[in-house]
Amino acid sequence: HVWTSIDNSVAIVKEIEERLCEMDGENASYYERNAAAYIGELKALKRSFTEIVQNAQKKTVVFGDRFPLLYFVKEYGLEYKAAFKGCASDSEAGAETVAYLSDYVSEYNIPVVFKLELSNGNIASVISEAADAKVMTFYTCHNLSKEDYDKGETYISMMKKNAESLKEALN
């Protein structure tokens, strides 16, 4: 999930641009213009996330779900608590973990417990109910429902939603 880091996304776009230019030099200026425009959008996203984190009252996010966002939290210096250490699907969160997260959310007045897109959100719901918090979706940008695809969702649009959710979660 390296792409959840905006810096990594910029590097990926640059690498794709370079390879396309090598393969299709005749259209290199087209690829360069598009890459530059997209990188501009990514850098604007980076500024948004940076501003949100710098102005936040809290620096910890809570995930009642799998946790494939290590690159993201490291990029912004955030702490995290999660029901699972990573994104493996072969385990279940135990009652002790759910109780710990519920207590943590209550004690530190964490307003949002995140779930991932396409997740059933059951664990996040249990934690949020016990701690009087709101469940919100955090998009990892690699899963997309047909409905979202048909609506034209993109990496940029999902990350903008993440920015809005993060702002609420950290304040």
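Numbers given to residues run from 1 along each chain, matching the order in which its sequence is written. Residue-level local features of this predicted model are given only where pLDDT is at least 70; pairs of side-chain atoms are given and counted only at 80 or more, and the full residue set underlies all totals for whole chains, interfaces and linings. Excluding hydrogens and water, the side-chain values take into account all heavy atoms of the structure.

1. Quick word on the overall build of the protein
Then, in step 1: Counting from the N terminus, the helices are the DSSP runs of H or I reaching at least four residues and the strands are the DSSP runs of E reaching at least two. When you go through the protein residue by residue, the secondary structure sums to seven helices and four strands.
Then, in step 2: Mapped from its N terminus to its C terminus, the protein presents α and β elements in the order α-α-β-α-β-α-β-α-β-α-α.
Then, in step 3: The dimensions of the protein, computed from C-alpha atoms along their principal axes, are 60 × 35 × 25 Å.
Then, in step 4: Three exposure classes are used, based on accessible area relative to the maximum for each residue type with a 1.4 Å probe and protein chains only: buried under 20%, partly exposed in between, and exposed over 50%. The buried share of the protein, taken over its 171 residues, is 44%.
Then, in step 5: Whether two residues are in contact is decided by their heavy atoms, any of which lying within 4.5 Å being enough. Excluding contacts between residues fewer than 6 apart, the proportion of contacts in the protein whose partners are at least 24 apart in sequence is 59%.
Then, in step 6: Reported accessibility uses the Shrake-Rupley method at a 1.4 Å probe radius. Residues are deemed covered only where the shown protein chains occlude them. Carbon and sulfur atoms provide 50% of the accessible area of the protein, an area that totals close to 9,600 Å².
Then, in step 7: Neither His nor the chain ends contribute to the count of charged residues, in which Lys and Arg are positive and Asp and Glu negative. For the purpose of locating charges, the reference atoms are NZ of Lys, CZ of Arg, CG of Asp and CD of Glu. Positive and negative side-chain charges of the protein, numbering 19 and 27 respectively, have mean locations separated by a distance of 4 Å.

2. Regarding the nonpolar core
Then, in step 1: Counting 35 residues, the largest nonpolar core has Ile6, Phe49, Phe63, Phe72 and Leu166 as its most contacted members.
Then, in step 2: Those elements that place two or more of their residues in this core are α1 (6-23), α2 (28-54), β1 (60-63), α3 (70-76), β3 (112-116), β4 (134-138) and α7 (155-169).
Then, in step 3: What leucine 166 contacts, discounting residues up to four positions off in sequence, is Phe49, Ile52, Val53, Val61, Phe72, Leu78 and Phe114.
Then, in step 4: Residues enter a nonpolar core if they are buried and are Ala, Val, Leu, Ile, Met, Phe, Trp, Tyr or Cys, with the set joined through side-chain atoms within 4.5 Å. Within the second largest apolar cluster, 15 residues are counted, among which are Val98, Val113, Ile127 and Ala131.

3. Focus on the side chain of glutamate 153
Then, in step 1: Its location among the elements puts glutamate 153 in the loop between α6 (146-150) and α7.
Then, in step 2: A residue is classified by how much of its surface remains accessible, and glutamate 153, at 15% relative accessible area, is buried.
Then, in step 3: Under the rule applied, a polar contact is a pair of N or O atoms within 3.5 Å (in protein, one hydrogen donor and one hydrogen acceptor; residues adjacent in sequence only if both atoms are side-chain atoms). Polar side-chain contacts of glutamate 153 include one of 2.5 Å to the side chain of lysine 161.
Then, in step 4: Filtering out sequence-adjacent residues up to four positions away, glutamate 153 remains in contact with Leu144, Asp148, Met158 and Lys161.

4. Describing the packing of aromatic side chains
Then, in step 1: In this analysis, rings of Phe, Tyr and Trp, with Trp reduced to its six-membered ring, are considered paired at centre separations within 6.5 Å, and the interplanar angle assigns stacked below 30 degrees, edge-to-face beyond 60, and tilted for intermediate values. Scanning the model with the defined rule gives 12 aromatic pairs in all.
Then, in step 2: Each ring, one from phenylalanine 49 and one from phenylalanine 72, has its centre 5.1 Å from the other, and the planes form 80 degrees; the classification is edge-to-face. In this pair, phenylalanine 49 sits in helix α2 while phenylalanine 72 sits in helix α3, placing the two residues 23 residues apart along the sequence. Phenylalanine 72 matches phenylalanine 49 in its accessibility class, with the two residues each being buried.
Then, in step 3: Note on phenylalanine 63 and phenylalanine 67: the rings are 5.2 Å apart at their centroids and 70 degrees apart in plane angle, and the pair reads as edge-to-face.
Then, in step 4: Since its relative accessible area comes to 1%, phenylalanine 63 is described here as buried.
Then, in step 5: Put simply, the rings of Phe49, Phe63, Phe67, Phe72, Tyr76, Tyr80, Phe114 and Phe138 touch in pairs and so form one group of aromatic residues.
Then, in step 6: Between arginine 66 and the ring centre of phenylalanine 84, over which it is positioned, the NZ or CZ distance is 3.9 Å. Lysine NZ or arginine CZ positioned within 6 Å of the ring centre and within 35 degrees of the ring normal marks a charge as sitting over the ring.

5. What about the sheet that holds strand β2 (residues 79-82)?
Backbone-to-backbone hydrogen bonds pair the strands of a sheet. The strands run either parallel or antiparallel.
Then, in step 1: For two strands to pair, DSSP has to find at least two bridges joining them. Sheet architecture is open: four strands sit in the order β2-β1-β3-β4, paired in parallel fashion. Strands at the two margins of the open sheet, each flanked by one partner only, are β2 and β4. The mean angle between the axes of side-by-side strands here comes to 35 degrees, regardless of whether they run parallel or antiparallel.
Then, in step 2: Here β1 pairs with β2 via four bridges, running parallel. The partner of phenylalanine 63 across the bridge, within β2, is alanine 82.
Then, in step 3: Only the contacting stretch of a helix is used when fitting its axis, a line to C-alpha atoms as for every element, and angles between N-to-C directions run 0 to 180 degrees. The sheet contacts of helix α5 (residues 122-131) involve β3 and β4, and relative to β3 the element is tilted by about 175 degrees.

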